[in-house]
Amino acid sequence: MISEITAARTAAEQSIAAASSLDEIRVLDTDLLGKKSPLALLKTGLGKLTTVDEKKAAGQALNEAMLAVEEVLNARRALLGRAERDVQLAAEALDLTEHFNAPSRGKAHIVTQAWQRLEDVFVGLGFQVAEGPEVETDWYNFEALNMPPSHPARSMHDTFYVDHGQPGSTVLRTHTSPVQIRVMQNVAPPIYMIMPGRVFRNETTDATHLAVFHQIEGLVIDRGITLADLAGTIEAFTQAFFGPGFTSRLRPSYFPFTEPSAEFDIRTPKGDWLELGGCGMVHPNVLRAGGLDPEEWSGFAFGFGIDRMAKERHGVGDVREMYTNDIRFIEQF
Ligand code: FA5
């Protein structure tokens, strides 16, 4: 009997070891441990044994054999279960690395880059940076800048009005010049400030015009400031920003908030002139609107377009290209 039990146990363990799937294990479970399994059949034969000792020894051997077979079966089931799960997981896995094999680093937009470099250069020349609100009152955007309601120069700024307060009293700022007034009201001179920011004009867009664009304003207020300081600052900036081969010039112009006023151009090493922005000596009415005494203080201001400057610097044909957000275009800068 004992030898039959041992043989049945060995055969059972061999067939378990040979099983290669959970389905096979399920079948073996019934075949090897069920009511009709060889070990169960041997158990029914225990009664035929004659001595108590024989029965005891065979019963014990049977119990051990069944426990051992069950243990081996469970271990094999666990092993095959893990293997099958691994195969399933591998089959269902999504390879998210496919498109990110060479992750590209993002970078600042071409206009942001120009803005940051402008700040760096002016800070290097001793200027501080200030910002003002994009939604302005008519007073800051026009009137304090020597443009009373009937002033013809207002028509040069196609203005977006905001439905707030008295009709026509609130605007999206058409330039960064209103920040000059806010700075004068809040900072005691001497003032050496730049004021970059977003501005808005109700204009039809084209290769050089946007309806939402960026300007950088400069304001210097001190004692005894002259046009020579303005020209010298523009020249120092031109060389620091564009490089030593570049020079600048001022051309007479008109702005209500400066007197005298000028446009400033830069000359490229090839000899081309590019128009950059406007400038001039701060008008006495503007100093007064800012709370300063024109007898005591004088100063200059300038303002130019950051988008157009980025366009020129990188040889972009059309300013609108910079805002199509086409990654193939943006990536180049
Ligand atoms: C002004 O806005 C004055 N506030 C500049 C100024 C400041 C003069 C201080 C004197 C003293 P103007 O409208 O010319 O000026 O605009 C200045 C610059 O903004 C232009 O030279 C141009 O570079 C840019 N700019 C003007 N309109 C647009 C537009 N629609 N799209 C893109 N850039 C523009």
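Above this text sits the structure in question.
The shown structure was predicted, so the numbers you read here are calculated from the model rather than taken from an experiment. (Residues numbered from 1 in each chain as written. Predicted model: local features only at pLDDT ≥ 70, side-chain atom pairs only at ≥ 80, totals over all residues. Heavy atoms only, no water.)

Visitor: Is there a simple way to think about the environment of Lys270 in this case?
Guide: Relative to the assigned elements, Lys270 resides in the loop between β7 (258–267) and β8 (273–282). For the pair Lys270 and Phe246, spaced 24 residues apart in sequence, the C-alpha to C-alpha distance is 9.2 Å. (Helix = DSSP H or I, 4+ residues; strand = E, 2+ residues; numbered from the N terminus.)

Visitor: Explanation requested: the packing of aromatic side chains in the structure shown.
Guide: The description of two aromatic rings rests on the distance between their centres and on the angle between their planes. The final tally for this structure, using the stated rule, is 15 aromatic pairs. For the ring pair Phe122 and Phe237, a centre distance of 4.7 Å and an interplane angle of 5° mean the geometry is stacked. One end of the pair, Phe122, is in helix α5 (residues 110–124); the other, Phe237, is in helix α8 (residues 227–242), with 115 residues separating them in the sequence. Like Phe122, the residue Phe237 is buried in the burial classification. In this structure an aromatic cluster arises from ring pairing among Phe122, Phe127, Tyr192, Phe237, Phe241, Phe242, Phe246, Phe264, Phe300, Phe302 and Phe304. One residue, Arg182, lies across the ring of Tyr140, its end atom 3.9 Å from the ring centre. (Phe/Tyr/Trp six-rings, centres within 6.5 Å; stacked < 30°, edge-to-face > 60°. Buried < 20%, exposed > 50% of the residue type's maximum accessible area, 1.4 Å probe, protein only. Lys NZ or Arg CZ within 6 Å of the ring centre and 35° of its normal.)

Visitor: Mind showing me how you'd approach the site of the ligand here?
Guide: Close to the ligand lie 23 residues, the nearest being His175, Ser177, Arg201, Leu210 and Gln215. His175 places a side-chain nitrogen or oxygen 2.9 Å from a nitrogen atom of the ligand. Within the complex, the protein chains bury 93% of what would otherwise be the 680 Å² of accessible surface of the ligand. Secondary-structure elements contributing two or more residues to the shell around the ligand are β5 (212–222), β8 and β9 (298–305). (Near = heavy atom within 4 Å. Polar contact = N/O pair within 3.5 Å; in protein donor to acceptor, adjacent residues only side chain to side chain. Areas by Shrake-Rupley, 256 points an atom, 1.4 Å probe, with all protein chains shown as cover.)

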